[in-house]
Amino acid sequence: MKIKYFILLIIFLFGNVYLHKVFSQEENLKDVEFEIIAEGTDSPIPNLQIVCFNKYFNKDYLPSDFRKKYNLDVKKLYKRKMLIQVFHSDKNKKGLDKIELIGIKESDKKLVVTYNIINSNTENDDKIVSPFLILQITKSKKEIKFIVNGTKLGEGTEIYLD
């Protein structure tokens, strides 16, 4: 009888440890190293979050003068790396002129890119500006989530993988 209770106790303890590991995996996010490749207020694309594994998105959708200005045609950008590109347009003239990166974190299965769109310069509040941010990180095939101003973006029409 004591052996049954002992075996049940061991099973319970191992089960508890396993379940804790499974459920805490979502919260066990580590920082990801990144490099800011380009940022500004002259985005040629209104609103888009994209992950680029090669130069073809840039070549097809970004004007050549924009690519040249920010050195986005350099093949070295994609060698074992990928670009996370965030474009926004302040069409409502709210003064939103900068994409402030909070951080990039990863778990075993996903990458989470967190940023805010802020008003960093009140002198251009009357103008329509289009802030953008282009980051470089190590290449990954993990699921990517974007959190903007504390809200998770929809998983469909607003996130594109190249």
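Details of the structure are given in the entry above.
Residues numbered from 1 in each chain as written. Predicted model: local features only at pLDDT ≥ 70, side-chain atom pairs only at ≥ 80, totals over all residues. Heavy atoms only, no water.

Asker: Residues and numbers for the overall build of the chain, please.
Answerer: Broken down by element type, the chain carries three helices and 10 strands. Listing the helices and strands of the chain from first to last along the sequence gives α-β-β-β-α-α-β-β-β-β-β-β-β. Within the chain, the proportion of its 162 residues that are buried is 36%. In the chain, the share of contacts with a sequence separation of at least 24, taken over all contacts with a separation of at least 6, comes to 76%. Of the roughly 10,800 Å² of accessible surface on the chain, a fraction of 55% belongs to carbon and sulfur atoms. (Helix = DSSP H or I, 4+ residues; strand = E, 2+ residues; numbered from the N terminus. Buried < 20%, exposed > 50% of the residue type's maximum accessible area, 1.4 Å probe, protein only. Contact = heavy atoms within 4.5 Å. Areas by Shrake-Rupley, 256 points an atom, 1.4 Å probe, with all protein chains shown as cover.)

Asker: Break down the nonpolar core for me, with residues and values.
Answerer: Generally speaking, soluble globular proteins have nonpolar side chains that are buried together. By size, the foremost hydrophobic cluster in this structure holds 20 residues, and its most contacted members are I84, I104, V113, Y115 and F146. If you list the elements that add at least two residues to this core, you get β4 (81–87), β5 (98–106), β6 (110–118), β7 (132–138) and β8 (143–148). By residue number, the principal contributor to this core is β6, which donates four residues. Setting aside chain neighbours within four positions, we find I84 in contact with I50, V51, I104, V113, L133, I134, L135, I137 and F146. If you look at the next biggest cluster of nonpolar residues, it comprises 16 residues, including I50, F57, L62 and Y70. (Core = buried A, V, L, I, M, F, W, Y, C linked by side-chain atoms within 4.5 Å.)

Asker: If you had to explain the side chain of H88 to someone new, which residues and values would you point to?
Answerer: Examined against the element boundaries, H88 turns out to sit in the loop between β4 and β5. A relative accessible area of 15% means that H88 is categorised as buried. Only 2.9 Å separates the side chain of H88 from the side chain of N47, close enough to count as a polar contact. Setting aside anything within four residues of it in sequence, one finds H88 in contact with S43, I45, P46, N47, L96, I99, I117, S130 and P131. (Polar contact = N/O pair within 3.5 Å; in protein donor to acceptor, adjacent residues only side chain to side chain.)

Asker: How would you explain the sheet that holds strand β1 (residues 30–31) if you had to name every residue and give the values?
Answerer: On the basis of which strands lie adjacent, the open sheet formed by five strands has the order β1-β5-β6-β8-β9 and mixed pairing. Each edge of the open sheet carries a strand with a single partner, namely β1 and β9 (151–152). Judged from the six bridges that link them, β6 and β8 form a sheet pairing that is parallel. Each bridged residue has a counterpart across the sheet, and for Y115 the counterpart in β8 is V148. (Pairing = 2+ DSSP bridges.)

Asker: Could you give me a rundown of unusual backbone geometry, with the residues and numbers involved?
Answerer: With a phi close to 60 degrees, R80 is a non-glycine residue in the positive phi region. Following the sequence through the fold, R80 ends up in the loop between α3 (64–69) and β4.

Asker: So what's going on with the packing of aromatic side chains? Which residues, and what values?
Answerer: Geometry of an aromatic ring pair is reported as the spacing of the ring centres plus the angle between the planes. Within the structure shown, the criterion is met by five aromatic pairs. The interplanar angle of 25 degrees and the centroid separation of 4.9 Å between the aromatic rings of F57 and Y61 together place this pair among those described as stacked. Taken together, the residues F57 and Y61, both in helix α2 (residues 56–61) and four residues apart, mark about one turn of the helix. Using a relative accessible area of 55% as the deciding quantity, one classes Y61 as exposed. (Phe/Tyr/Trp six-rings, centres within 6.5 Å; stacked < 30°, edge-to-face > 60°.)

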